[in-house]
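Summary of structural features
In case you want the letters, here they are:
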Amino acid sequence: TSPEPPVSSASMQQHLVILVILSLMVQSGTMPCTLRGPTCRHVVRLRGGEDQQRTSNITPYSVEGETDYEKIVTLFGSKEIDSELISRLERVTGRAAHHLIRRNIFFSHRDLDKILDMYEAGTPFYIYTGRGPSSSSLHVGHLIPFMITQWLQEAFNVPVVIQLTDDEKFLWKGGNLSTYQQFATENAKDIMAVGFNPELTYIFTNTLDISSLYPTVLQIQRLINANKVQAVFGLQESNNVGQFAFPAMQIAPSFPDCFVDIFGGSTRLPCLIPCAIDQDPYFRLARDVAARLNMTKPALLHSKFIPALQGDSGGAGKMSASVEESAIYLTDSPQQIKNKINRYAFTGGRATVEEHRRLGGDLKVDVPFRYIEFFHENDTHVQELARSYTNGTLLSGEMKSEAISCLQDIVKRHQERRKEISDEVLSFVRSRRRITIPMKKAA
């Protein structure tokens with residue numbers, strides 16, 4: 001074969017200039033998401049100083065490392081949930097915002113303001129969220145999207161649809177499909193134990209309800225090519241074809257034509273999706289295809305990740321159901337919770353008591369405090385713990401004790417509510433039936 005022709009120095013310089021410009025655009029967040037490719041998609045490299053770099057890998061399938069949420073908002077092109085929007089939410093609902101919103105745990109949104117505009121004009125909406133049933137038990141981090149979804153359902157008096165993606169877990173994890181279907185049943189009990197109104201709640205499992213989803217799934221699949229899926233989700237040629245096809249399954253319920261029979265023929269009902277920020281790629285695609293489907297773009301609420309017991313800095317990222325030492329499960333006993341916190345929870349305490357008294361603890365990395373911030377409902381108590389820890393009055397062991405008490409209470413109450421979920425209630429919320437959409441509550 002003939003040798004490759006030499007590359008001219010001028011051509012080399014042009015390529016270098018282009019690469020430098022593209023690199024600067026990525027770092028500044030000015031490059032549009034469609035051009036940013038893998039950086040926007042799932043690898044966010046964050047530079048924290050002249051001589052240190054933090055890398056956070058964020059995909060719908062895993063999260064590793066420390067996460068800079070301000071940078072994420074810029075890279076993903078969403079908007080921060082600011083104090084003005086929170087005040088408006090409180091004014092529209094007539095109640096204080098949920099503590100997960102007040103404490104900036106739900107920190108970002110797409111078109112929440114438009115949902116409020118439509119609601120105030122008399123147009124109701126529905127809420128869509130979901131769960132991948134990878135195990136029979138949820139961990140406490142899985143409660144976060146369901147806690148805010150239940151609050152929104154109660155505050156706005158609107159229907160909720162909850163997708164259980166047994167197909168996704170089968171495609172990515174293998175094993176027996178029937179196992180994930182059974183996990184879905186167990187997970188549905190945990191979800192209902194959060195406090196959803198059965199009359200306004202529909203829980204469906206993908207493989208069991210595919211016939212109602214498939215027409216919409218087909219329309220979405222026709223509009224998204226394999227290159228787009230590969231670019232957004234980082235799939236390779238070695239991935240199975242089911243993994244390439246799956247995103248349309250998670251996108252479809254964000255459009256009301258999946259639920260025409262449930263919503264009484266309405267195909268224009270707007271949708272609000274509370275989810276962790278790692279699920280955003282699915283719904284960016286949903287918003288991309290909405291106009292071509294003659295549908296309203298779904299709105300989103302993004303939450304931060306609840307950290308693994310080992311914290312972010314150790315590379316563990318978010319709490320994972322598949323890593324027992326990283327998680328507090330909803331089936332854990334009080335003693336198990338105590339042992340896990342005491343043994344594994346990363347703290348922001350200093351090397352010695354004397355140093356801690358002098359310098360105070362670091363709340364940003366202290367996992368016990370972050371769990372309290374996620375789950376303790378009393379703002380005054382949380383603020384007092386923060387003040388005492390940062391000024392050195394409260395020691396790391398004492399903060400762990402506070403977290404143990406908080407999580408023991410959360411898990412105990414959940415277990416008690418779960419026992420009250422009857423087979424009849426579970427069968428009812430999983431049945432495909434007409435849900436009457438209430439009118440807007442009177443102010």
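Residues numbered from 1 in each chain as written. Predicted model: local features only at pLDDT ≥ 70, side-chain atom pairs only at ≥ 80, totals over all residues. Heavy atoms only, no water.

**Thoughts on the overall build of the protein chain**
The condition is simple: Strands here mean DSSP runs of E at least two residues long; helices mean DSSP runs of H or I at least four residues long; both are numbered from the N terminus. Each residue's exposure class comes from its accessible area (1.4 Å probe, protein chains only) as a fraction of the maximum for that residue type: buried when under 20%, exposed when over 50%, partly exposed otherwise. The criterion used for residue contact is that any of the two residues' heavy atoms lie within 4.5 Å. We get accessible surface area from the Shrake-Rupley algorithm with a probe of 1.4 Å; when it comes to residues, only the shown protein chains can shield them.
Of the regular secondary structure elements, the protein chain holds 21 helices and ten strands. Across the 443 residues in the protein chain, those meeting the buried criterion constitute 51%. Here the analysis covers contacts within the protein chain between residues at least 6 apart in sequence; of these, 75% occur between residues at least 24 apart. Carbon together with sulfur atoms contributes 51% to the accessible area of the protein chain, which is approximately 20500 Å² in total.

**Concerning the state of the cysteines**
So the rule is basically this: Here, a disulfide means two cysteine sulfur atoms that sit within 2.5 Å of each other.
Using the criterion set out here, one finds zero disulfides in the structure. Take Cys 271: it sits in no disulfide, and the sulfur closest to it among the cysteines is that of Cys 258, at 10.0 Å. The class of Cys 271 is buried, set by a relative accessible area of 2%.

**Points about a negative patch on the surface**
Under the convention used in this document: In this analysis, a patch consists of residues with relative accessible area above 30% that form no salt bridge, clustered at 9 Å for like charges and at 5 Å for the nonpolar side chains Val, Leu, Ile, Met, Phe, Trp and Tyr. We define a salt bridge as a side-chain nitrogen of Lys or Arg found within 4 Å of a carboxyl oxygen belonging to Asp or Glu. Two residue types count as positive, namely Lys and Arg, and two as negative, namely Asp and Glu; His and chain ends fall outside the count. For this purpose, a charge sits on NZ of Lys, CZ of Arg, CG of Asp or CD of Glu.
On the surface, a cluster of negative charge is made up of Glu 70, Glu 80, Asp 82 and Glu 84. By the element assignment, Glu 70 lies in helix α4 (residues 69-76).

**Things to note about the environment of Leu 301**
By the element assignment, Leu 301 lies in strand β10 (residues 299-303). Through-space distance from the C-alpha of Leu 301 to that of Lys 79 is 9.8 Å; in sequence the pair is 222 residues apart. Residues within four places of Leu 301 in sequence aside, it is in contact with Ile 81, Phe 106, Ser 108, His 109, Leu 112, Leu 152, Leu 272, Ile 273, Pro 274 and Cys 275.

**A closer look at the confidence of the model for the protein chain**
As a general rule, the predicted coordinates of low-pLDDT regions are not to be interpreted in detail. This is how it is decided: Across the chain, each position has a pLDDT score giving the predictor's confidence in that residue, from 0 to 100.
Across the protein chain, the average pLDDT comes to 86, with 82% of residues at or above 70. Segment residues 1-9: pLDDT under 50, and one contact once partners within four positions in sequence are set aside and those in other chains are kept. Contacts for the low-pLDDT stretch residues 15-54, under 50 throughout, to residues beyond four places or in other chains number 59 contacts.

**Some words on the packing of helix α5 (residues 83-93) against helix α8 (residues 143-156)**
Operational definition: The convention used is that axes are lines fitted to C-alpha atoms, helices contributing only their stretch in contact, and that angles between N-to-C directions extend from 0 to 180 degrees. Should an angle fall under 35 degrees it is taken as roughly parallel, and over 145 as roughly antiparallel, whereas 65 to 115 is taken as roughly perpendicular and any remaining angle as oblique. Residue type decides the class: Asp, Glu, Lys and Arg count as charged, Ala, Val, Leu, Ile, Met, Phe, Trp, Tyr, Cys and Pro as nonpolar, and the leftover types, Gly among them, as polar.
Orientation of α5 relative to α8, taken along the N-to-C sense of each, is 50°, at an axis distance of 9 Å. What the angle tells us is that α5 and α8 run oblique. Residues Leu 89, Val 92 and Thr 93 of α5 lie in contact with α8, whose contacting residues are Trp 151, Ala 155 and Phe 156. Looking at the contact of α5 with α8 residue by residue, the classes come out as five nonpolar, one polar and no charged.

**Side note on the side chain of Arg 287**
Test applied: We call two N or O atoms a polar contact when they sit within 3.5 Å, provided that within protein one can donate a hydrogen and the other can accept it, with sequence-adjacent residues counted only if both atoms are side-chain atoms.
Following the sequence through the fold, Arg 287 ends up in helix α15 (residues 280-290). Among the residues examined, Arg 287 registers a relative accessible area of 15% and is labelled buried. Within the local environment of Arg 287, its side chain forms a polar contact with the backbone oxygen of Pro 298, the two atoms lying 2.8 Å apart. Arg 287 has contacts with Arg 110, Asp 111, Lys 297, Pro 298, Ala 299 and Leu 300, leaving out every residue within four places of it along the chain.

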